[in-house]
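Each chain, letter by letter, is given below.
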Amino acid sequence: MNIEAPGRLSGYETWDGHDPFEDHAGPFYFRQHPDGRVTSAFEAKPHHCNGGGFLHGGLLLTFADFSLFAIGRSVLQGPSVTLSLNGEFTAAAGAGEFIEARGDIVRNTGSMVFLRGQVFTGHGAEERVLLNFSGIVKRVKKRPLSN
């Protein structure tokens, strides 16, 4: 179920209840622009930070993973899993900042989608790239979970 986001995330939506871990870690949101580009976003809160007061690296990688699926959603259309996620941290951010991600599909083989992107904060001359990321997402057939 897609849920519309509040406040400065107005115009964004999320897959509420789709991924319990991401719902707990975020919440994270995405928006598709008229030109087809996709932007993901979240508002950084104190609980997203590490002991040093900066956004936790694991949170940024979780957000990058969410963003892979948002960026690739036009071609994924169905159950998919992350095969690979790579990232390079380039700057820090803290609570109160508006964090976004953008990216593109590099290659679509039919069963696998190769993507890349950046997590950033600020705009224009004030923009800071926090993380460069790339990943591979694989389409899978739905199977019942075994115990």
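Everything discussed here concerns the structure shown above.
The present account deals with the structure reproduced in this document. All values derive from a computational prediction rather than experimental measurement.

**Side note on the nonpolar core**
No. 1: Core analysis: the biggest nonpolar cluster contains 29 residues, and Phe42, Leu55, Phe63, Ile99, Val119 and Phe133 have the highest contact counts within it.
No. 2: For this core, the secondary structure elements donating two or more residues are strand 4 (38-43), helix 2 (57-76), strand 6 (98-108), strand 7 (112-121) and strand 8 (128-139).
No. 3: No other element matches the ten residues that helix 2 contributes to this core.
No. 4: With residues up to four places along the chain from it excluded, the contact list for Phe63 reads Phe28, Ser40, Ala41, Phe42, Ile99, Glu100, Ala101 and Val119.

**Structural notes on the layout of surface pockets**
No. 1: In this model, the largest pocket occupies a volume close to 540 Å³.
No. 2: In terms of lining, the largest pocket is formed by 19 residues, of which the most central are His18, Phe69, Gly78, Pro79 and Ser80.
No. 3: Elements represented by at least two residues in the lining of the largest pocket include exactly helix 2 and strand 5 (80-89).
No. 4: When residues in the lining of the largest pocket are grouped by element, the largest group, five residues, is from helix 2.
No. 5: Across the lining of the largest pocket, the residue classes break down as seven nonpolar, five polar and seven charged.

**Focus on the environment of Ala44**
No. 1: With respect to the helices and strands, the residue Ala44 is situated in the loop between strand 4 and helix 2.
No. 2: Setting aside anything within four residues of it in sequence, one finds Ala44 in contact with Leu55, Gly94, Ala95, Gly96, Glu97 and Ile99.

**Things to note about the environment of Gly87**
No. 1: Following the sequence through the fold, Gly87 ends up in strand 5.
No. 2: Along the backbone, Gly87 and Thr62 are 25 residues apart, and their C-alpha atoms lie at a distance of 11 Å.

**Brief notes about empty space enclosed by the protein**
No. 1: Tallied over the entire structure, the rule returns one cavity of 30 Å³ or more.
No. 2: The space that makes up the largest cavity amounts to roughly 60 Å³.
No. 3: Forming the walls of the largest cavity are Thr14, Trp15, His18, Asp19, Glu22, Asp23, Pro27, Phe28 and Phe66.
No. 4: Of all elements in the fold, only strand 2 (13-15) and helix 1 (20-25) reach the threshold of two or more residues within the lining of the largest cavity.

**Notes on the side chain of Ser80**
No. 1: Along the polypeptide, Ser80 turns up in strand 5.
No. 2: For Ser80, a relative accessible area of 17% gives the class buried.
No. 3: In terms of polar contacts, Ser80 uses its side chain to reach the backbone carbonyl oxygen of Gly78, at 3.2 Å.

**Observations regarding the pattern of salt bridges**
No. 1: Counted according to the given criterion, the structure contains five salt bridges.
No. 2: Between Arg8 and Glu43 there is a salt bridge, with its nearest N and O atoms 2.7 Å apart. Here the residue Arg8 occupies a position in the loop between strand 1 (2-4) and strand 2, and Glu43 occupies one in strand 4, the gap between them amounting to 35 residues.
No. 3: Take Glu43: its relative accessible area is 23%, and that puts it in the partly exposed class.
No. 4: Here Arg128 makes a salt bridge to Glu97, at a shortest N to O gap of 3.1 Å. Of this pair, Arg128 sits in strand 8 while Glu97 sits in the loop between strand 5 and strand 6, and the two are 31 residues apart along the sequence.

Calculation rules
Residues numbered from 1 in each chain as written. Predicted model: local features only at pLDDT ≥ 70, side-chain atom pairs only at ≥ 80, totals over all residues. Heavy atoms only, no water. Core = buried A, V, L, I, M, F, W, Y, C linked by side-chain atoms within 4.5 Å. Buried < 20%, exposed > 50% of the residue type's maximum accessible area, 1.4 Å probe, protein only. Helix = DSSP H or I, 4+ residues; strand = E, 2+ residues; numbered from the N terminus. Contact = heavy atoms within 4.5 Å. 1 Å grid on protein atoms, 1.4 Å probe; cavity = no way out; pocket = protein on both sides within 12 Å on 5 of 7 lines; lining within 4 Å. Points joined across faces, edges and corners; volume = space filled by probe spheres on them. Nonpolar A, V, L, I, M, F, W, Y, C, P; charged D, E, K, R; others polar. Polar contact = N/O pair within 3.5 Å; in protein donor to acceptor, adjacent residues only side chain to side chain. Salt bridge = Lys/Arg side-chain N within 4 Å of Asp/Glu carboxyl O.

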